[in-house]
Amino acid sequence: GNEIMVIQTQPDGDVILAQTTGNVGIGTTTPRYLLDVWGDISFGTSTDTNTPILFINSGNGGQVGIGTTTLAGLLTVGTSTPYLVIDPTGKTGIASSTPSDTLAVQGNIIGSGNIVVFGATASSTFSTPIQTTRMKITSGSPASNYLLTATDSLGNSEWKETSWITPSNWQF
């Protein structure tokens, strides 16, 4: 017997049911999975016929959109303005369609808990001062009668014993 049954022929591809496996193929004559679709896919709702819940674009190496067809990376979540983007290099953008680093956030971040940074060096540039009720600096040798002081105009600092503080080296 015939192992392939064509259910309906369309100009852009056949819908195939492989009788021996039960696999269904859309856009392919050799379905490998229970449902095997070759081409773009869109799942929508009955309330918003213009914006799909899930959109899969088969071009550009494959892209997925949740709530959008305006794709900015491998995964785009949002409507016409992406809220979350993961680009092909693994960079993640929150409120950014073009993340410039591993994690790029456009806007304020509010959280609770700890921020922990590991690495040989950690450098940061802030356009406004850091506002916090408490900060713990764990590098260097803090001890009683030591003070964290700026060592240069770049804001680098180190722990220094307080005995060096005299009115002659105060700066205002």
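Keep in mind the model is a prediction, meaning the values are calculated, not measured. Starting afresh in each chain, residues are numbered from 1 along the sequence in its written order. Two thresholds apply to this predicted model, a pLDDT of at least 70 for residue-level local features and 80 or more for giving and counting side-chain atom pairs, whereas whole-chain, interface and lining totals are computed over all residues. In computing side-chain values, all of the structure's heavy atoms are included and hydrogens and water are not.

Looking only at helices and strands, the protein chain features zero helices and 13 strands. The helix count covers DSSP runs of H or I at least four residues long, the strand count covers runs of E at least two residues long, and both are numbered beginning at the N terminus. Across the protein chain, helices and strands are ordered from the amino to the carboxyl terminus as β-β-β-β-β-β-β-β-β-β-β-β-β. Of all 172 residues assigned to the protein chain, the portion counted as buried reaches 16%. Here, residues are in contact when the closest pair of their heavy atoms is within 4.5 Å. A sequence separation of at least 24 residues applies to 1% of the contacts in the protein chain between residues at least 6 apart. Using a 1.4 Å probe, the Shrake-Rupley method yields the accessible areas, and only the shown protein chains count as cover for residues. Summed over all atoms, the accessible surface of the protein chain reaches about 13500 Å², with 54% contributed by carbon and sulfur. Any residue under 20% of the maximum accessible area for its type is buried, any over 50% is exposed, and the rest in between are partly exposed; the area is computed with a 1.4 Å probe on protein chains only.

Once that is clear, we can look at the pattern of salt bridges. Side chains that carry opposite charge are capable of pairing whenever their charged atoms lie near each other. A side-chain nitrogen of Lys or Arg and a carboxyl oxygen of Asp or Glu constitute a salt bridge if their distance falls within 4 Å. Counted by the stated rule, this structure contains one salt bridge. The shortest N-O distance in the salt bridge between R32 and D36 comes to 3.2 Å.

A separate point is the environment of T81. If you trace the backbone, T81 turns up in the loop between β8 (75-78) and β9 (82-86). For the pair T81 and L71, spaced ten residues apart in sequence, the C-alpha separation works out to 9.8 Å.

So, on to the side chain of D36. Mapped onto the fold, D36 is located in strand β4 (residues 35-37). On the basis of relative accessible area, D36 is assigned to the buried category, the value being 4%. A polar atom in the side chain of D36 sits 3.2 Å from the side chain of W38. Sequence-distant contacts of D36, defined by excluding residues within four places in its chain, comprise V24, G25, I26, T28, T30 and P31. The term polar contact refers here to a pair of N or O atoms within 3.5 Å; inside protein, the definition further demands a hydrogen-donor-capable atom paired with an acceptor-capable atom, and it admits residues adjacent in sequence only when both atoms are side-chain atoms.

Another point: the sheet that holds strand β10 (residues 92-94). The pairing criterion for strands is at least two bridges between them, as found by DSSP. Judged by pairing direction, the sheet is mixed, and its seven strands sit side by side in the order β5-β6-β7-β8-β9-β10-β11 without closing on themselves. Each having just a single partner strand, β5 (41-43) and β11 (103-105) make up the two edges of the open sheet. Strand-to-strand twist in this sheet, taken as the mean axis angle between neighbours without regard to direction, amounts to 10°. For β9 and β10, the ladder comprises three bridges, and the chain directions are antiparallel. Axis definition: a line fitted to C-alpha atoms, limited for helices to the stretch in contact. Angles are taken between N-to-C directions and run from 0 to 180 degrees.

Here we take up unusual backbone geometry. Unlike most non-glycine residues, A95 shows phi in positive territory, near 60°. Within the fold, A95 resides in the loop between β10 and β11.

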